[in-house]
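Listed below, chain by chain, are the residues.
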Amino acid sequence: MPELPEVEVTRRSFADRIEGASVREVRLGKPLRWPLGQAESTLVGKTVGTVHRRGKYLWMPLEPGGGLLLHLGMSGSLSFSIDPGPAGAHDHFDLWTSQGCLRLHDPRRFGAVVWGEAPGHGLVGRLLQGLGVEPFSPEWTAQHLRQGVAGRRVSIKQALLAGDIVVGVGNIYASEALFRAGIHPATPAQRVGMVRCEKLVAAVREVLHEAVEAGGSSLKDFKDTHGNAGHFQLATRVYDRAGQPCLTCLTPVRRLVQGQRSTYFCVRCQKP
């Protein structure tokens, strides 16, 4: 599933190229997770503004008013090119503009393209409501994290994945950040004190930054709009390394399942 680094990499790979373009045509394929919510013809003639990311969503303003909220779902990817060729069976949205075609490819159709008057209105507003702070923002602090985990009995890893404290810390990145912070992933969230919150806040920011710079993680089929795969999965310290020696202490990395998702950790380097 594309997480924050993959979505940010996607945004960076086409935002500058599509900004200022005029919409010429909109093509819809098979139904996605939610309907577009607007007749395709009403988008023609609008001008694409600056594309922003909020969590795992992309907001594309269409001036003079409104915009599109895009989500890649579990297996979606965007491409942007002058000549993308005929749409395939899994190409479910084309935004043809004066500067190229933005196409959503989504085999499982859990992605979405939704029209909204503004990020805080209608279905768009409901989808964005309740999201935690951005991990690269000044709001992502040890105090914020400590307040967020207070009273939570779930594991610290599950608290990170919930998305209401901080957005975008997906499964790979949560395992990696907890390793760097020296925190066992099964530790009850409410037991993570201020000192360890400070370490975890820094580790989350560091891991996500490195992932973005590496082009994200391509475990299966993620590619940016240029068709480039990510490489962060090649540099993980614990994720998907069960049985291999810890890169710090040489103790074999272990795997456990939390919320039906694999977690990787070092029993020696990470303390409850």
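This structure is a prediction, so every number in the text was calculated from the model and none was measured. (Residues numbered from 1 in each chain as written. Predicted model: local features only at pLDDT ≥ 70, side-chain atom pairs only at ≥ 80, totals over all residues. Heavy atoms only, no water.)

Peer 1: So what's going on with the pairing of strand S8 (residues 100-105)? Residues and values would help.
Peer 2: Here S8 lies mainly inside the structure; five of its six residues are buried. By the bridge criterion, five bridges tie strand S6 (residues 77-81) to S8 in an arrangement that is antiparallel. For Ser79, the partnering residue across the bridge sits in S8 and is Arg103. Bridge count for strand S7 (residues 91-97) against S8 is six bridges, and the pairing is antiparallel. When the bridges of S8 are listed, Asp94 appears paired with Arg103. (Buried < 20%, exposed > 50% of the residue type's maximum accessible area, 1.4 Å probe, protein only. Helix = DSSP H or I, 4+ residues; strand = E, 2+ residues; numbered from the N terminus. Pairing = 2+ DSSP bridges.)

Peer 1: Would you mind going over unusual backbone geometry in detail, with residue names and values included?
Peer 2: Residue Pro64 is reached from Glu63 by a cis peptide bond, and omega for that bond is 20 degrees. The residue Pro64 is located in the loop between strand S4 (57-63) and strand S5 (67-71) in this model. Even without a glycine there, the phi angle at Gln260 is positive, about 65 degrees. Here Gln260 shows up in the loop between strand S10 (254-258) and strand S11 (261-265). For Gln260, a relative accessible area of 78% gives the class exposed.

Peer 1: So what about the packing of aromatic side chains? Which residues, and what values?
Peer 2: For the structure on display, the rule yields two aromatic pairs. Judged by centre distance (5.6 Å) and plane angle (45 degrees), the rings of Tyr173 and Phe232 are tilted. Remark: Phe232 occurs in the loop between helix H6 (194-213) and S10 and Tyr173 occurs in helix H5 (residues 171-181); sequence separation between them is 59 residues. Aromatic pair Tyr239 and Tyr264: ring centres 5.1 Å apart, planes at 70 degrees, arrangement edge-to-face. Taken as a pair, Tyr239 in the loop between H6 and S10 and Tyr264 in strand S11 lie far apart in primary sequence, 25 residues in all. Note on accessibility: Tyr239 and Tyr264 belong to one class, buried. (Phe/Tyr/Trp six-rings, centres within 6.5 Å; stacked < 30°, edge-to-face > 60°.)

Peer 1: Can you tell me about the pattern of salt bridges, naming the residues and giving the values?
Peer 2: Using the criterion set out here, one finds 13 salt bridges in the structure. In this structure, Glu3 engages Lys56 in a salt bridge whose closest nitrogen and oxygen atoms are separated by 3.2 Å. Of this pair, Glu3 sits in the segment before helix H1 (4-18) while Lys56 sits in the loop between strand S3 (52-54) and S4, and the two are 53 residues apart along the sequence. When its relative accessible area of 7% is taken as the criterion, Glu3 is described as buried. The closest approach of N and O atoms between Arg27 and Asp94, which form a salt bridge, is 3.0 Å. Highlighted residues: Arg27 in strand S1 (residues 23-28) and Asp94 in strand S7, separated in sequence by 67 residues. Given the relative accessible area of 23%, Arg27 is considered partly exposed. (Salt bridge = Lys/Arg side-chain N within 4 Å of Asp/Glu carboxyl O.)

That is the geometry; function is a separate question.
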